[in-house]
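Fold and contact review
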Amino acid sequence: MASIRKNDTVMVIAGKEKGKKGRILSVNPGKGRVIVEKLNIIKKHQRPTQKQKQGGIVEKEGSINISNIMLICGRCEKPTRVAYNILEGGKKVRVCKNCGEAIDKG
């Protein structure tokens, strides 16, 4: 599950948001789900609290299954699967399967 990380740009490949791109806000590897910015918007009925005096219907991002998203390569701008290369010093980097470019900077 290390192929997808926070702040990666991904494309949804299945479901009602199919074909849309967004940035990952959070990853839950235990449940295999991610939250993508401005995608899969749900409406939650929120009750007034001490912090939020105004209750009502709040719109927020819902989670998406990791199997329904693909990482977008920064160089070729296409959805891609992820391979791994090990550099000198033992550092493991993610690599685009389409163009062979390293996805991790550094």
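First things first, this report covers the structure right here in the doc. (Residues numbered from 1 in each chain as written. Predicted model: local features only at pLDDT ≥ 70, side-chain atom pairs only at ≥ 80, totals over all residues. Heavy atoms only, no water.)

Secondary structure summary: the chain contains zero helices and ten strands in total. In sequence order, the chain lays out its α and β elements as β-β-β-β-β-β-β-β-β-β. Taken over the C-alpha trace, the chain has a radius of gyration of 17 Å; the compact-globule value for 106 residues is 13 Å, which it surpasses by more than 25%. With the C-alpha coordinates aligned to their principal axes, the bounding extent of the chain is approximately 55 × 30 × 20 Å. Looking at the chain residue by residue over its 106 residues, the buried ones come to 26%. Across the chain, contacts joining residues at least 24 apart in sequence account for 36% of those joining residues at least 6 apart. Entry remark: accessible area of the chain is about 7,400 Å², with carbon and sulfur atoms responsible for 49%. (Helix = DSSP H or I, 4+ residues; strand = E, 2+ residues; numbered from the N terminus. Rg over C-alpha atoms; globule rule 2.2 N^0.38 Å. Buried < 20%, exposed > 50% of the residue type's maximum accessible area, 1.4 Å probe, protein only. Contact = heavy atoms within 4.5 Å. Areas by Shrake-Rupley, 256 points an atom, 1.4 Å probe, with all protein chains shown as cover.)

Turning next to the state of the cysteines. Evaluated as defined, the whole model comprises zero disulfides. Free of any disulfide, C76 has its nearest neighbouring cysteine sulfur in C73, separated by 3.6 Å. Take C96: it sits in no disulfide, and the sulfur closest to it among the cysteines is that of C99, at 3.7 Å. Under the relative-accessibility criterion, C96 is labelled buried at 2%. (Disulfide = S-S within 2.5 Å.)

Now for the nonpolar core. I4, V10, V34 and I69 are the most contacted members of the largest nonpolar core, which totals 15 residues. Listing elements by their share of this core, those giving two or more residues are β1 (9-12), β3 (33-36) and β7 (69-72). (Core = buried A, V, L, I, M, F, W, Y, C linked by side-chain atoms within 4.5 Å.)

Before going further, it helps to spend a moment on the pairing of strand β2 (residues 21-28). Relative to β2, β1 runs antiparallel, the two sharing three bridges. Across the sheet, the residue bridging to V10 is G22, located in β2. Inspection of the sheet shows β2 paired to β3 by four bridges, in the antiparallel sense. Across the sheet, V27 pairs through a bridge with V34, a residue of β3. (Pairing = 2+ DSSP bridges.)

Structurally, E17 is set in the loop between β1 and β2. Of the residues examined, E17 reaches a relative accessible area of 12% and is grouped as buried. Polar contacts involving the side chain of E17 include one to the side chain of K20, which spans 2.9 Å. Leaving out residues up to four positions away in the same chain, E17 has contacts with V12, L39, N40 and I41. (Polar contact = N/O pair within 3.5 Å; in protein donor to acceptor, adjacent residues only side chain to side chain.)

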